[in-house]
Structures are given as C-alpha cells and as structure tokens.
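Descriptive structure summary
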Amino acid sequence: QQQVRQSPQSLTVWEGETAILNCSYEDSTFDYFPWYHQFPGESPALLIAIRPVSNKKEDGRFTIFFNKREKKFSLHIADSQPGDSATYFCAARPTGYQNFYFGKGTSLTVIP
Amino acid sequence: GPKVLQIPSHQIIDMGQMVTLNCDPVSNHLYFYWYKQILGQQMEFLVNFYNGKVMEKSKLFKDQFSVERPDGSYFTLKIQPTALEDSAVYFCASSSGQNTEVFFGKGTRLTVV
C-alpha cells in the first residue's frame, strides 16, 4: 500500500508558466509534508515544507497548497525557469516518527 | 550547504557476498537514516539510528541488514548475505535532531549479480 501518491510522473512546461505537482496521502496522522528536489547526479535537497496547521506556504516562486480534508497537497512553481528542471519528490512524516514516506517523483522539464 | 557523503557511488557484488555501504553524515548530526530506492519506485525508509541504537525500522530492514557507527566514524549499512532483490540505490541521510531538516547523500547504487 503506497502511503503517498504523486502525479504526474513527468511534466513539461514552457519557461514562465506555472508548474503544478500533486500529491495525496493515506494516513491522517501525517504531520509534516516536505518537497525535495533532485538534480541529476546530486542529492535530494529540501525545497519547502508545510505542516497541517497551514493550508498554504510560500517561499519565493514556490508555493505549497494543502488540503487536509481531501488529504492532498501540491507544489506550484511560478514563473518556471529552465534551472528548475529536476525531479521533485513529495513526502510525509507520521506524528512521533522520524521516517518519511516518499512519492515516486515528478520529472519536471522547463523548456526555454 | 551541509553535505552527506556516500562511498562508494556504485558497487557491484556477487549474490551471497557481504557488502558494506559507507556514509559520512553532516558533522555534529545525531540522527542517521538509510532509505532504499528501487529503479522507478519511491524512496523507502529502512532504518534510523540515534545514540548507538536503531530507533525505528521498516519491514524492508531484513535480518540480513545491520547498521552501526563505531566511534563516530562512518555510519554503515551492512548486508550479509546479499540477495538479488537488494539491488537498488541506497540513500543515507542525517539530521541534527528530531523534527529538523534531513540532509541526504547522493546515494550508492548497489547491483547484486
């Protein structure tokens, strides 16, 4: 049973468009939802994260929208740049634990 | 930023042999993790380790797996004996405390033949 589902598997947008990456989860005890990005040959790195007390978190061009009732959260990348091309992973962590459940990743390509 | 180093980046090993994956966590971090990613699948949690002990482990952390960090050196994942289904990329991670940012290494690609 996959705890965190991520879509789409791959996404291509033009430079300047908003890229939208989606995740859903099963366990209502999850209390922390980070997004990681990974460039080829590099480590996954934390991009932005949210806790269920909020339904929105912004950091520059990156915004997480969180819907607790529907158990969904999404990453919006505004004004996408070619340098944003990477694989993006959503994750969720259960309350009281330190481990993450990851989605399968979205490969984002931004075309100049 | 802080770096988690994993050595080696690739390893090929014969089925049934022992393998040790090495991780040099971020200096002064206290919590250490291993994740496994089979090609095309999500990263899956194996184990976390704190103060010399396994704190949490998943069902993927089979009896053939062990972890240790002797005397503050490398944090290691040992698989003995290896099986074909152990072929995957293994990511090491570390954090300074509970509920703090987790930093990942680049992964070690293990191929069991």
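Residues numbered from 1 in each chain as written. Chains lettered and ligands numbered in written order. Predicted model: local features only at pLDDT ≥ 70, side-chain atom pairs only at ≥ 80, totals over all residues. Heavy atoms only, no water.

**Overview of the sheet that holds strand E8 (residues 75-79) of chain B**
Residues and elements named next belong to chain B. Across the sheet, four strands lie side by side as E1-E3-E8-E7; this open sheet has antiparallel pairing. This sheet does not close on itself; its edge strands, each paired only once, are strand E1 (5-7) and strand E7 (65-68). Put simply, the sheet's adjacent strands are angled 20° from each other on average, direction ignored. Relative to strand E3 (residues 19-24), E1 runs antiparallel, the two being bridged by three bridges. What sits directly across from glutamine 6, in E3, is cysteine 23. (Pairing = 2+ DSSP bridges. Helix = DSSP H or I, 4+ residues; strand = E, 2+ residues; numbered from the N terminus. Axes fitted to C-alpha atoms, helices over the stretch in contact; angles between N-to-C directions.)

**Some words on the state of the cysteines**
Note on terminology: disulfide describes a covalent bond linking the sulfur atoms of two cysteines. Residues and elements named next belong to chain B. Inspection of every chain in the model, using the stated rule, returns two disulfides over all chains. Linked covalently through their sulfurs, cysteine 23 and cysteine 92 form a disulfide whose S-S length is 1.9 Å. Given an S-S torsion of about -70°, the disulfide between cysteine 23 and cysteine 92 has left-handed geometry. Of this pair, cysteine 23 sits in strand E3 while cysteine 92 is found in strand E9 (residues 88-95), placing the two residues 69 residues apart along the sequence. For cysteine 23, a relative accessible area of 0% corresponds to the buried category. Among the residues examined, cysteine 92 registers a relative accessible area of 0% and is labelled buried. (Disulfide = S-S within 2.5 Å. Buried < 20%, exposed > 50% of the residue type's maximum accessible area, 1.4 Å probe, protein only.)

**Comments concerning the interface of chain A and chain B**
Contact residues are listed per partner, giving 19 residues for chain A and 19 residues for chain B. Counting the surface lost from both chain A and chain B, the interface buries some 1700 Å², and carbon and sulfur atoms represent 52% of this. The three residues of chain A that bury the most area against chain B are A:Gln98, A:Phe102 and A:Lys104, which together make up 35% of that side's buried surface. Along the contact surface separating chain A from chain B lie one salt bridge. A salt bridge links B:Lys106 to A:Glu42; the shortest N-O distance between them is 3.8 Å. Breaking the side of chain A that touches chain B down by element, the ones donating at least two residues are strand E4 (30-38) and strand E9 (86-94) of chain A. (Contact = heavy atoms within 4.5 Å. Buried area = accessible area lost by both parts, 1.4 Å probe. Salt bridge = Lys/Arg side-chain N within 4 Å of Asp/Glu carboxyl O.)

**Section: unusual backbone geometry**
Here the amide bond leading from A:Ser7 into A:Pro8 is cis, since omega sits at -10°, within 30 degrees of zero. Here the residue pair B:Gln80 and B:Pro81 is connected by a cis peptide bond, since its omega of -5° sits within 30 degrees of zero. Counting through the fold element by element, B:Pro81 comes out in the loop between E8 and E9. Here A:Asp79, not a glycine, exhibits a phi torsion of approximately 50°, which is positive. Examined against the element boundaries, A:Asp79 turns out to sit in the loop between strand E8 (72-77) and E9. The phi dihedral of B:Asn99 falls on the positive side, at around 60°, and the residue is not glycine. A residue is classified by how much of its surface remains accessible, and B:Asn99, at 42% relative accessible area, is partly exposed.

**Regarding the packing of aromatic side chains**
Taken as a whole and judged by the stated rule, the model has 24 aromatic pairs over all chains. An angle of 45° between the planes, with centres 5.9 Å apart, marks the rings of A:Tyr25 and A:Phe30 as tilted. The two residues A:Tyr25 and A:Phe30 agree in class, both being buried. Taken together, a centroid distance of 5.8 Å and an interplanar angle of 85° make the contact between B:Phe61 and B:Phe65 edge-to-face. The pair formed by B:Phe61 and B:Phe65 is uniform in burial state, with each residue classed as buried. By way of ring pairs, the aromatic residues A:Tyr32, A:Tyr36, A:Phe89, A:Phe100, A:Phe102, B:Tyr35, B:Phe45 and B:Phe104 are connected into one cluster. (Phe/Tyr/Trp six-rings, centres within 6.5 Å; stacked < 30°, edge-to-face > 60°.)

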